[in-house]
Amino acid sequence: MELQFEGDDLKSVLNRLRRAQGQISGVIRMIEEGRDCEDVVTQLAAASRALDRAGFAIIATGLQQCLTDTEKGRDNGETTEQMKARLEKLFLSLA
């Protein structure tokens, strides 16, 4: 399955990923500067949440596309069970 984003979906995912990128850069800078552990962990947790949300948005878009493709009969021979197992594996990879 080739994942394709359009319009607001693309913008939302890219914004989340850029936010996480900035937060990770901030964590690196904070560590290099010897900042307080609590501040570093707080920033790291924010980056982790941003990455998780981007991942869930990507999976949700993929799920929507899979369902649309299946409804149109373009599932490339993949059974519903195989698709379900693959999507479940993706969700669990973010857990």
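Placed above this text is the structure.
About the criteria used
- Residues numbered from 1 in each chain as written.
- Predicted model: local features only at pLDDT ≥ 70, side-chain atom pairs only at ≥ 80, totals over all residues.
- Heavy atoms only, no water.
- Helix = DSSP H or I, 4+ residues; strand = E, 2+ residues; numbered from the N terminus.
- Contact = heavy atoms within 4.5 Å.
- Areas by Shrake-Rupley, 256 points an atom, 1.4 Å probe, with all protein chains shown as cover.
- Patch = residues over 30% accessible without salt bridge, like charges linked within 9 Å, V, L, I, M, F, W, Y side chains within 5 Å.
- Salt bridge = Lys/Arg side-chain N within 4 Å of Asp/Glu carboxyl O.

> Lay out the overall build of the protein chain with the relevant residues and their values.
In terms of regular secondary structure, the protein chain is built from 3 helices and 0 strands. Ordered by position from N to C terminus, the α and β elements of the protein chain give α-α-α. Restricting the contact set of the protein chain to residue pairs at least 6 apart, pairs at least 24 apart contribute 69%. Surface exposure of the protein chain reaches about 7000 Å², of which carbon and sulfur atoms provide 53%.

> An account of a nonpolar patch on the surface is requested, with residue identities and associated values reported.
Nonpolar side chains collect at one region of the surface, where L10, L14, L17, I24, I28 and L51 lie side by side and expose about 450 Å² of accessible area between them. The element best represented in the nonpolar patch is helix α1 (residues 7-32), accounting for 5 residues. With respect to the helices and strands, L10 occurs in helix α1.

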